[in-house]
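Chain by chain, the residues run as shown.
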Amino acid sequence: MQYISTRGGGRPLGFCDATLAGLAADGGLFVPDTYPEFSEAELVALAGQPFEAMALAVLSRFAGGELADAELKSDIDAAMATFRHAARTPLVQIGPRDFVMELFHGPTFAFKDVAMQTLARLMDRILKARGRRATIVTATSGDTGAAAAEAFRGRDAIDLFILYPDGRVSDVQRRQMTTIADANVHTLAVAGDFDDCQRIVKALFVDRTFNERVAMSGVNSINWARVAAQITYYLFGALALGGPHRKVAFSVPTGNFGDILAGYVAGRMGLPIEKLVIATNQNDILDRTARTGRYAPGRVAPSTSPSMDIQVSSNFERLVFDLSGRDAGSVMARMADLSNGFELTDGERAAMARLFASGRADDADTARLIGEIYAETGMIVDPHTAVGLKAARETALPDGVPMVTLATAHPAKFPDAVEAGCGVVPARPAALERVMRDPERMTRVPAEIGAVADHILDHSRAVTA
Ligand SMILES: *Cc1c(COP(=O)(O)O)cnc(C)c1O
């Protein structure tokens, strides 16, 4: 299997090269040249299997023979062993045909652990096989940095540099990064906002000389291996509640469109999906796109579900590529300059509407849903999950089709919003208690490209002369 760019440039890469590169050389995103498909018999055989077996079935199809099944299995097993629940992503029933799938039982209590734990092990393996090291640089507004720090700690072949905006992430989120004691995890508190962090990371990526000297690599949600790892829980949910002939719908709290894109790919692989619901907070660019066909980035408005406070949903480019009939030229023309937004054609919009629905929740809606779910079931949900539940409730489905809302974070990560919604302060799990106690370690840097570059050159083991 080969990976091609949504913008048509560069040459196709295999799975390992695409995983290390993250972004394609022309600024596009890697997609597989064809989607592998599960036969009906294969889906029947997978039903009832452990999460790890399903992850192997998915990833081996995308690895295209570049990694042996035994290698993939060993990394998947180790990744999922960091989860605190035997089912890994358990389903909880909240209504006659309504379910929540809890994706937050990993080390940092958010769904990003599922993919990041797997990706870290695969990257380390690929680099070691090549006798190489890499430097990973990532900007975070909270959850990605925490998931990356936990996943990459202690990996021999990799140094991780996390840039976060000083004073602008929650105490829990900051401590999840800064209490990691491993020497290969470097946390940089940037004197600026998230946009400054992202601007610095992008500038370092496009600086060829620097990029090559430190063997720079990326792990944000545009990395294909992360999307591939996330496909597993759609398989897990759909086969638990449906089957080859019984469809299931999913509601997905959405920011960068990485999580829900995995659901779309699961459908392309033959999973019987009735609807995918794009659930947004007041940063509703994707809800507006689904309703009007016009993608128009605005300004980020802070919300009580901060991990979805985003105005440019990078992974949407992969869906546009497919909606356009894989017309890289039309993707290039629309994505190269997003400042004025772009339009979907009527045909693209109709194709999108066949599989996707959408919804929006502002902070008041979010608080109300947290209260309603608590009153109806006693379940305490986090604000991101509440956004998903509102959109799920507003989506009409054919009789008998189950709706699964993805619970993307543990409520204890967002205690204030949860208390405001249902009057209860969520209990803090023991692993988060440790994070609140352990000593912190970080380096304060100005919001300047040169200062960050110097720090990386001084500290990464991947640096060559
Ligand atoms: C990252 C994140 C999301 C959004 O996921 P995308 O893949 O960016 O759409 C939703 N909820 C939580 C808790 C997150 O951390």
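Residues numbered from 1 in each chain as written. Predicted model: local features only at pLDDT ≥ 70, side-chain atom pairs only at ≥ 80, totals over all residues. Heavy atoms only, no water.

1. Some words on the site of the ligand
Applied cut-off: We call a residue near a molecule or strand as soon as one heavy atom of that residue lies within 4 Å of the molecule or strand. Identification of polar contacts relies on pairs of N or O atoms within 3.5 Å, with a donor-acceptor requirement for protein atoms, meaning one able to donate a hydrogen and the other able to accept it, and with residues adjacent in sequence counted only if both atoms are side-chain atoms. In short, Shrake-Rupley with a 1.4 Å probe defines the accessible areas, and a residue's cover is counted only from the protein chains shown. Side-chain classes are defined by residue name, with Ala, Val, Leu, Ile, Met, Phe, Trp, Tyr, Cys and Pro counting as nonpolar, Asp, Glu, Lys and Arg as charged, and the others, Gly among them, as polar.
Around the ligand sit 15 residues in total, of which K112, D143, G255, N256 and T408 are the nearest. In the model, an oxygen atom of the ligand is placed 2.8 Å from a nitrogen or oxygen of the D143 side chain. Summarising the interface, the protein chains cover 97% of the accessible area of the ligand, which totals 380 Å² for the free molecule. When its residues are assigned to classes, the shell around the ligand shows five nonpolar, seven polar and three charged.

2. Describing the pattern of salt bridges
For the record, the criterion: When a carboxyl oxygen of Asp or Glu is within 4 Å of a side-chain nitrogen of Lys or Arg, the pair counts as a salt bridge. A run of DSSP states H or I qualifies as a helix once it reaches four residues; a run of E qualifies as a strand once it reaches two. Both are numbered from the N-terminal end. For every residue, the accessible area obtained with a 1.4 Å probe (protein chains only) is divided by the maximum for its type, and the residue is called buried under 20%, exposed over 50%, and partly exposed between those limits.
This model, assessed by the stated rule, comprises 33 salt bridges. Between E52 and R88 there is a salt bridge, and its shortest N-O distance comes to 2.8 Å. Remark: R88 occurs in the loop between helix 4 (69-80) and strand 3 (91-95) and E52 occurs in helix 3 (residues 51-63); sequence separation between them is 36 residues. Looking at E52, the relative accessible area reads 14%, which means it is buried. Between D156 and K128 there is a salt bridge, with the nearest N and O atoms lying 3.2 Å from each other. In this pair, D156 is assigned in the loop between helix 6 (143-152) and strand 6 (158-165) and K128 in helix 5 (residues 112-130), connecting sequence segments 28 residues apart. Assessed through its relative accessible area of 44%, D156 is described here as partly exposed. Under the relative-accessibility criterion, K128 is labelled partly exposed at 45%.

3. Describing the packing of helix 6 against helix 7 (residues 171-178)
Here is the rule we go by: Orientation is described by lines fitted to C-alpha atoms, with helices fitted over the stretch in contact, and by angles between N-to-C directions that extend from 0 to 180 degrees. Note that the term roughly parallel is reserved for angles under 35 degrees, roughly antiparallel for angles over 145, roughly perpendicular for angles of 65 to 115, and oblique for everything else. By convention, the crossing between two helices is left-handed when the near helix turns anticlockwise from the far helix through less than a right angle, and right-handed when the turn is clockwise. Between two residues, a contact is recorded if the distance between any of their heavy atoms is within 4.5 Å.
Where helix 6 meets helix 7, the closest approach of the two axes is 8 Å, and the angle between their N-to-C directions is 25°. Comparing the axis directions of helix 6 and helix 7 gives the class roughly parallel. The chirality of how helix 6 crosses helix 7 is left-handed. Contacts between helix 6 and helix 7 involve D143, G145, A146 and A149 from the former and Q173, Q176 and M177 from the latter. Partitioning the contact of helix 6 with helix 7 into residue classes produces three nonpolar, three polar and one charged.

4. Concerning the sheet that holds strand 9 (residues 248-253)
We count it as follows: Strands are treated as partners if at least two bridges between them are detected by DSSP.
With respect to topology, six strands assemble into an open sheet ordered 3-4-14-9-10-13, the strand pairing being mixed. Each having just a single partner strand, strand 3 and strand 13 (356-360) make up the two edges of the open sheet. Direction aside, the axes of adjacent strands within the sheet are offset by 25° on average. Relative to strand 13, strand 10 (residues 273-280) is paired through five bridges, and the arrangement is parallel. Residue pairing for strand 13: T280 is matched across the bridge by R360. Contacts from helix 11 (residues 258-268) reach strand 9, strand 10, strand 13 and strand 14 (403-407) within the one sheet, and its direction differs from that of strand 10 by about 170°. On top of the sheet, helix 15 (residues 346-355) reaches strand 10 and strand 13; it is set at about 105° to strand 10, its chief contact.

5. Quick word on the UniProt feature "domain: Threonine synthase N-terminal" (unreviewed entry) in the protein chain
Here is the rule: UniProt positions are given in the numbering used here, feature names are shortened, and annotations may be inferred rather than shown by experiment.
The UniProt record marks residues 2-79 with the feature "domain: Threonine synthase N-terminal" (unreviewed entry), using the residue numbering of this structure. Secondary structure across residues 2-79 divides into 49% helix and 8% strand, with the first and last C-alpha atoms of the span separated by 25 Å.

6. Regarding the environment of L355
Among the secondary structure elements, L355 is positioned in helix 15. Along the sequence, L355 and D75 sit 280 residues apart, while their C-alpha atoms lie 33 Å from each other. In contact with L355, not counting residues within four places along its chain, are Y264, I273, E274, K275 and L276.

7. Some details on the sheet that holds strand 15 (residues 443-446)
Sheet architecture is open: five strands sit in the order 8-5-6-7-15, paired in parallel fashion. At either end of the open sheet lies a strand with only one pairing partner, and these are strand 8 (216-217) and strand 15. Inspection of the sheet shows strand 5 (residues 134-139) paired to strand 8 by two bridges, in the parallel sense. For I136, the partnering residue across the bridge sits in strand 8 and is S217.

8. Structural notes on the UniProt feature "modified residue: N6-(pyridoxal phosphate)lysine" (unreviewed entry) in the protein chain
The UniProt feature table records "modified residue: N6-(pyridoxal phosphate)lysine" (unreviewed entry) at K112. Here K112 shows up in helix 5. Residue K112 is classed as buried on the basis of its relative accessible area of 13%. Once you skip the residues sitting within four places of it in the chain, K112 turns out to touch D143, T144, A147 and R226.

9. Quick word on the packing of aromatic side chains
Spelled out, the test is: Each aromatic pair joins two rings of Phe, Tyr and Trp (for Trp, the six-membered one) with centres within 6.5 Å, and gets the label stacked for planes under 30 degrees apart, edge-to-face for over 60, and tilted for any other angle. Comment: the charge-over-ring label is applied if NZ (Lys) or CZ (Arg) is within 6 Å of the ring centre and within 35 degrees of the ring normal.
Tallied over the full model, the rule gives twelve aromatic pairs. Ring centres 6.2 Å apart and planes at 55° place the aromatic pair Y3 and F15 in the tilted group. In this pair, Y3 is assigned in strand 1 (residues 3-5) and F15 in helix 1 (residues 15-21), connecting sequence segments twelve residues apart. Like F15, Y3 is buried. Each residue in the set Y35, F257, Y264, Y295, F316, F342 and F356 is aromatic and connected to the rest through ring pairs, giving one cluster. Of note, R84 hangs over the ring of F109, and the distance from its end group to the ring centre comes to 3.8 Å.

10. Regarding the pairing of strand 7 (residues 185-191)
Put simply, the rule is: Assignment of crossover handedness uses the view with strands pointing away from the viewer, where a clockwise path from the first strand over the helix to the second indicates a right-handed crossover.
Strand 7 sits mainly inside the fold: six of its seven residues count as buried. Of the pairings in the sheet, the one linking strand 6 to strand 7 comprises six bridges and is parallel in character. The residue bridging I162 from the neighbouring strand is T187, located in strand 7. At this point the chain moves from strand 6, through helix 7, to the parallel strand 7, and the crossover so formed is right-handed. Of the pairings in the sheet, the one linking strand 7 to strand 15 comprises four bridges and is parallel in character. Within strand 15, the residue paired with L188 across the bridge is T443.

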